[in-house]
Structure formats: C-alpha cells, structure tokens
Amino acid sequence: MMFDVRTVLNPGMSFIIDRMLDESDTAAYYGSRQLGQLIASPAYVGLMIDAAVKAVDERLPAGLVTVGRTMEFTHDAPTSLGMNLRIKASLKEIVGDRLFFDITACDDCGVIGYGKHERAVVNKQELFERANKRLLHQA
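These remarks concern the structure in this document.

Thresholds, definitions, all that
Residues numbered from 1 in each chain as written. Predicted model: local features only at pLDDT ≥ 70, side-chain atom pairs only at ≥ 80, totals over all residues. Heavy atoms only, no water. Helix = DSSP H or I, 4+ residues; strand = E, 2+ residues; numbered from the N terminus. Pairing = 2+ DSSP bridges. Axes fitted to C-alpha atoms, helices over the stretch in contact; angles between N-to-C directions. Salt bridge = Lys/Arg side-chain N within 4 Å of Asp/Glu carboxyl O. Buried < 20%, exposed > 50% of the residue type's maximum accessible area, 1.4 Å probe, protein only.

**Regarding the environment of Glu126**
Tracing the chain through its elements places Glu126 in helix H2 (residues 124-136). As a C-alpha pair, Glu126 and Leu64 span 62 residues in sequence and 9.7 Å in three-dimensional space.

Okay, here's the thing in structure tokens:
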C-alpha cells in the first residue's frame, strides 16, 4: 500500500460505545436459552470490534477501509439485559498498514473484560476483486 496511514491516524485515537443492552444483545436472542438475559458472546465481541472500526474508519480517505486480522478478548463478568455497557477501543500502535487496539468493556458495576484487536487498512475495491477472484477459482 502506498498510502501512509500515519498521515490521518495516530496512536491514542479512541472511540467509546455507550449504550444499554437490549434483547438483540442477549444469549437468548442468539439461541442460548440457558443463559437467557445475559449478553451473548457474539454481541459482546461485535461491539468491541465496532468500537475499533469507528475509532479509525471514518478518518480514512475514500476507498480505504479496515479489515479484522486478529482478535483476543476476555469476558470476565456477566452483564444482564437492562445494564449499560461502555466499550472503549484505543489505537495503541500503527505498524505499516496494521492497526493495534486495546479495548476495555465495562458495565454499571465495573470492568467486564478486555480485548486486543488487529485491523489492516486495505483498498476496498482491491479487496472485493481478490474475493471475486477466489470465488471464480474455487474447486
């Protein structure tokens, strides 16, 4: 990639998602009746990723986006329907076209988990061209 992402992004940038959990965030919604009104792991991880995306993607020039490369998340305490969830993603480091985030998740009672997430800055059109080429060459 010829574009230097450091011209528009810098370590320390962050984004906070702050919202009350609703039915679509629950384990029951994702099919786990045993865990019912607790936040589902897919919703939890999705919100963490969303915070990282929102911290940087809107600052990129047209045609560039970020894609996830790696993720490591802990979920250390249960959060129930009706509680507020606050997720903060902070850009920790930039290495070439790769972005490294630290993420913290809290509810009304305190920290519920942490995350590390890596995203890469890519050309959206080239990404779709590569995907289409793979589709055409599948066995």
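**A short note on the sheet that holds strand S5 (residues 110-123)**
Pairing is antiparallel in the open sheet, where 5 strands are placed in the order S1-S3-S4-S5-S2. What marks the edges here is a single partner per strand, and that holds for strand S1 (14-20) and strand S2 (64-73). The mean inter-strand angle of the sheet, taken between neighbouring strand axes irrespective of direction, is 25°. Judged from the 9 bridges that link them, S2 and S5 form a sheet pairing that is antiparallel.

**Describing the pattern of salt bridges**
A full pass over the atoms with the stated rule returns 7 salt bridges. A salt bridge links Asp22 to Arg19; the nearest nitrogen and oxygen atoms lie 3.9 Å apart. Put simply, Asp102 and Lys116 hold a salt bridge, and the shortest N to O gap is 2.9 Å. Of the two residues, Asp102 is situated in strand S4 (residues 98-107) and Lys116 in strand S5; the sequence distance between them amounts to 14 residues. We classify Asp102 as partly exposed; its relative accessible area is 27%. When salt bridges with common partners are traced through the structure, they connect Arg19, Asp22 and Asp25 into a single cluster.

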